[in-house]
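The primary structure of each chain is shown beneath.
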Amino acid sequence: MKHHTLVSVAGAVAALVFATPAAADSLLGTTPNGSGGNSASNSIGTIQIGGGNSASDSGGTVQVSGITVTVPAVVTAGKTGTAKARASASVPANSAGNQADHSVGTAQLGGGNAAHRSIGTVQTGGPSAQVGAAVLTPLAGAIVNVPVAIGGNGGNTADHSVGTAQIGGSNSASHSIGTVQSGPVSALPAAAVWAGPLALVFGLPVQIGSLGSNTAENSIGTVQIAGGNAATQSIGTVQSGGIVSSPVTVGGSGGNTTSGSVGTVQIGGGNTATGSVGTVQVGNGPQTTGTTSGTPSTTGTPSTATGSTAGAGGTSPSTTAPSSTSATGVAGAHHTLSPKSAQTGGGKNATSGVLGALPKTLPFTGLALLGFVLMGAAMIVLGGGALARART
Amino acid sequence: MNGFSPEPGRRQSPRLSRWLGIAAISIGVALLAWTAVVRFWHDPVTAVYAEVEQHRLAQAYDNRFAAYHSVAQTLGVAAARYRTATREGEPLGWITIHRLGLHAVLVDGTNESDLTRGPGLYRGDFLPGEGHLVYIAGHRTTYSAPFAYIERLRPGDVVVISLPYGTFEYKITGHKIVTANDVAVLRTGRTEQLILQSCHPRFSATHRYLAYARLVSATATHKPN
């Protein structure tokens, strides 16, 4: 209750700050969102602002989809005190759609970005650091800082990439290695109030991944945070519901799914695993141990045993004994270890795709008929010989 | 002592030899007839399978198109998302080439199974609208042989590719014949280009015939809400 009161006081102070004309007038310096459309190829250290940018065969590119910047305001209220207000940068979410191909070390802000065969890409929805305010007097003071958010709407995609970090939710990764997918990250209000030697510091949680629905397919070493995530035919995936720092909560409502995967850790409850091997499930959702091991895979064979762990809470799980692995489960595991791309003639498995490797030959689409012609002719000759012998 | 005792192992009966001869000749004639049909048309046996698969793919694509919804603001982003969301063997869209009399469902992937169902898009490259290489391969003699007469394409011929997020029109600019292991042609450039590929010459796998086309128009799909 006391905390709520303090927040209210801090909010009121902030409201007062912004109610002053000087503060309102000071919210200037806005840079309109550009339409972008820049492109960089074979370049190093390029910064593109405005959205719709593309980078190809480049290194160290920063792509931003329009940015809004405001300047801080300082209001002097007589001799006894000073009020400061700050409204900072924001990047509109999903207004751009930057692209990086065959690039290294690209940072893409704004959501809706795409990385293809790239290494070390950071993709986020529109980040924003919104409002900070302080009221200072000789004897007392108050500071309030209101949310910093990174992510907004995600919707970023990465394929055949290595070391991609995606923030914002609804991201997807395919044939990638070492992808971290998260819902929006937000630092909720924090406030400090002091009078003389006494001070109270108040902080609300840092939250990672309130919205999930990220997907990973044929990927290795993926970390998915926010719940509602899905991993298909992947290896070494960690799926978690949202993470809150105060009180420390990992998992929340999970609802993650994995199919045909190996070595998946699911945190948050309500998770399901189908046709997977070595799955660890932690959380307070439905009991998944029995369900998991009995769920048919897409091919109709029973799924493998999943060394499942089910607990009453996201932070204090209890462990149940893992069930055994069936023969069909092993077959499923084999399927998992053979990504669909590896079955193609295109040489498009995760590793080769990431490294830009090409198949040894172009797709084969022909048919050699000469063998059939020779075979037919040989049959006719043999048949003629047999008939001749029959007559004699 | 008399002529009624045969000599086993030395000589077949005339009747058996006659039937074996007739059977061998029949098989030989059938093989030659089949190769003639394939040579001057295409393989009718595998074509039946391909037509059935095309029908299935068309139905699947109709459902996919009806459910498709994109909030992407650029064709490039929509294309990238669509590419990552599509799995191998699934229908991508339609490809139409009037010069070849082709109107077929485009399949995601170019492995052996994919190409038995229709022309396939090489998964290592890009989709139309992404500003890079779009590489499509198709059979030349079997499975309806979508690219049977790829060498008849002439500069200026139109290739239309319809996808859920847009329709793309390309015009043929030329062709090139490369060896089967010249995989450098799969590497994308910095501009959008379409390559149609089939084996060359027909009935051989030593070379590949590549028909090049450039993008001339791209129209985003606007679906009513």
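Residues numbered from 1 in each chain as written. Chains lettered and ligands numbered in written order. Predicted model: local features only at pLDDT ≥ 70, side-chain atom pairs only at ≥ 80, totals over all residues.

**Focus on the overall build of chain A**
In plain terms, the rule: By the criteria applied, helices consist of DSSP H or I runs no shorter than four residues and strands consist of E runs no shorter than two, each listed in order from the N terminus. As a rule, residues whose C-beta atom has 12 or fewer other C-beta atoms within 10 Å are exposed, those with 20 or more are buried, and those in between are partly exposed; C-beta atoms are placed from the backbone. Placing C-beta atoms from the backbone, we regard two residues as in contact once those atoms come within 7 Å.
The secondary structure content of chain A amounts to six helices and 32 strands. Burial status across chain A gives 52% buried among its 392 residues. For chain A, the proportion of contacts with a sequence separation of at least 24, taken over those separated by at least 6, is 51%.

**A look at helix 3 (residues 75-85) of chain B**
Counting buried positions over the eleven residues of helix 3 of chain B gives ten, a clear majority of the element. Of all the residues in helix 3 of chain B, the buried ones are Leu75, Gly76, Val77, Ala78, Ala79, Ala80, Arg81, Tyr82, Arg83 and Thr84 of chain B.

**Section: the sheet that holds strand 4 (residues 133-137) of chain B**
Residues and elements named next belong to chain B. Here is the rule we go by: We call two strands paired when DSSP finds no fewer than two bridges between them. Note on geometry: axes are C-alpha line fits, over the in-contact stretch for helices, and angles between N-to-C directions span 0 to 180 degrees.
In space, the eight strands of this closed barrel follow the order 1-2-3-4-7-8-6-5, with mixed pairing throughout. Direction of pairing for strand 2 (residues 102-108) relative to strand 3 (residues 120-121): parallel, over a ladder of two bridges. Among the inter-strand pairings, valine 107 is bridged to a residue of strand 3, identified as glycine 120. Helix 2 (residues 44-67) contacts strand 1 (91-97) and strand 2 of the sheet and is inclined by roughly 70 degrees relative to strand 2.

**A word on the pairing of strand 2 of chain B**
The two faces of the sheet receive side chains in turn, since in a regular strand these alternate between them. Residue and element names in this part refer to chain B. Across the seven residues of strand 2, six count as buried, placing the element largely inside the fold. Where strand 1 lies against strand 2, six bridges are found, and the strand directions are antiparallel. Across the sheet, the residue bridging to isoleucine 97 is leucine 102, located in strand 2. Between strand 1 and strand 2, which follow one another and run antiparallel, lie four residues, and glycine 101 among them has a positive phi close to 65 degrees.

**Notes on the confidence of the model for chain A**
Residue and element names in this part refer to chain A. The test is simple: A residue's pLDDT is the predictor's confidence in that residue, given on a scale from 0 to 100.
The share of residues in chain A with pLDDT of 70 or more is 40%, and the mean pLDDT across the chain is 60. When the elements of chain A are averaged for pLDDT, helix 4 (residues 327-337) gives the smallest value, 26, and helix 6 (residues 370-391) the largest, 88. Of the regions scoring below 50 in pLDDT, residues 1-36 engages in 69 contacts with residues more than four places distant in sequence or in other chains. Every residue in residues 284-356 scores below 50 in pLDDT, and together they form 181 contacts with partners more than four places removed in sequence or on other chains.

**A closer look at the interface of chain B and chain A**
Let me state the cut-off plainly: The residue classification treats Ala, Val, Leu, Ile, Met, Phe, Trp, Tyr, Cys and Pro as nonpolar and Asp, Glu, Lys and Arg as charged. All others, Gly included, are polar.
Between chain B and chain A, the residue contacts involve 56 residues of the former and 48 residues of the latter. Where the side of chain B that touches chain A is concerned, the elements lending two or more residues are helix 1 (14-40), helix 3, helix 4 (112-115) and strand 7 (193-200) of chain B. Here the element with the most residues in the side of chain B that touches chain A is helix 1 of chain B; it accounts for 17 residues. The class makeup of the residues in the side of chain B that touches chain A is 24 nonpolar, 22 polar and ten charged.

**Thoughts on the packing of helix 6 of chain A against helix 1 of chain B**
Cut-off, in case you're wondering: Roughly parallel covers angles under 35 degrees, roughly antiparallel covers those over 145, roughly perpendicular covers 65 to 115, and oblique covers all other angles. Less than a right angle of anticlockwise turn of the near helix away from the far helix marks a crossing as left-handed, whereas a clockwise turn marks it as right-handed.
One can describe the packing of helix 6 of chain A onto helix 1 of chain B by two numbers: an axis separation of 7 Å at closest approach and a directional angle of 160 degrees. As summarised for this structure, helix 6 of chain A and helix 1 of chain B are arranged roughly antiparallel, according to the angle between their axes. The interaxial crossing formed by helix 6 of chain A with helix 1 of chain B has left-handed handedness. Partitioning the contact of helix 6 of chain A with helix 1 of chain B into residue classes produces 20 nonpolar, seven polar and two charged.

**Here's the deal with the nonpolar core**
What tends to happen in soluble globular proteins is that the nonpolar side chains get buried as a cluster. The condition is simple: Connectivity within a nonpolar core runs through C-beta atoms within 7 Å, and the core itself is a set of buried Ala, Val, Leu, Ile, Met, Phe, Trp, Tyr and Cys residues.
Membership of the largest hydrophobic core comes to 59 residues, with the highest contact counts inside it found for Ile95, Leu106, Ile136, Val159 and Ala211 of chain B. Element by element, the count of residues in this core is highest for helix 3 of chain B, at six residues. When sequence neighbours within four positions are dropped, the list of residues in contact with leucine 106 of chain B reads Pro91, Leu92, Gly93, Trp94, Ile95, Gly118, Pro119, Leu121, Ile136 and Ile161 of chain B. If you look at the next biggest cluster of nonpolar residues, it comprises six residues, including Ile119, Val162, Ile220 and Val262 of chain A.

**Considerations on unusual backbone geometry**
Residues and elements named next belong to chain B. Of note, the bond from histidine 200 into proline 201 is cis; its omega dihedral lies within 30 degrees of zero at -10 degrees. Assignment of secondary structure puts proline 201 in the loop between strand 7 and strand 8 (207-220). Positive phi is not limited to glycine here, since serine 144 has a value of about 70 degrees. By secondary structure assignment, the location of serine 144 is in the loop between strand 4 and strand 5 (158-163). Overall, the presence of 24 C-beta atoms within 10 Å leaves serine 144 in the buried class. Even without a glycine there, the phi angle at phenylalanine 203 is positive, about 70 degrees.

**Side note on the confidence of the model for chain B**
Considering every residue of chain B, the mean pLDDT works out to 89; 94% of them sit at 70 or more. Low pLDDT, under 50, characterises residues 1-5 of chain B; the predicted model gives this stretch zero contacts beyond four residues in sequence or across chains.

**Notes on the environment of glycine 129 of chain B**
Residue and element names in this part refer to chain B. Mapped onto the elements, glycine 129 comes out in the loop between strand 3 and strand 4. Overall, the presence of 26 C-beta atoms within 10 Å leaves glycine 129 in the buried class. Measuring from C-alpha to C-alpha, the distance between glycine 129 and glycine 76 comes to 5.1 Å, with 53 residues separating the pair along the chain. Apart from the residues within four sequence positions on either side, glycine 129 is in contact with Leu75, Gly76, Ala78, Ala79, Tyr165, Gly166, Phe168 and Ala218.

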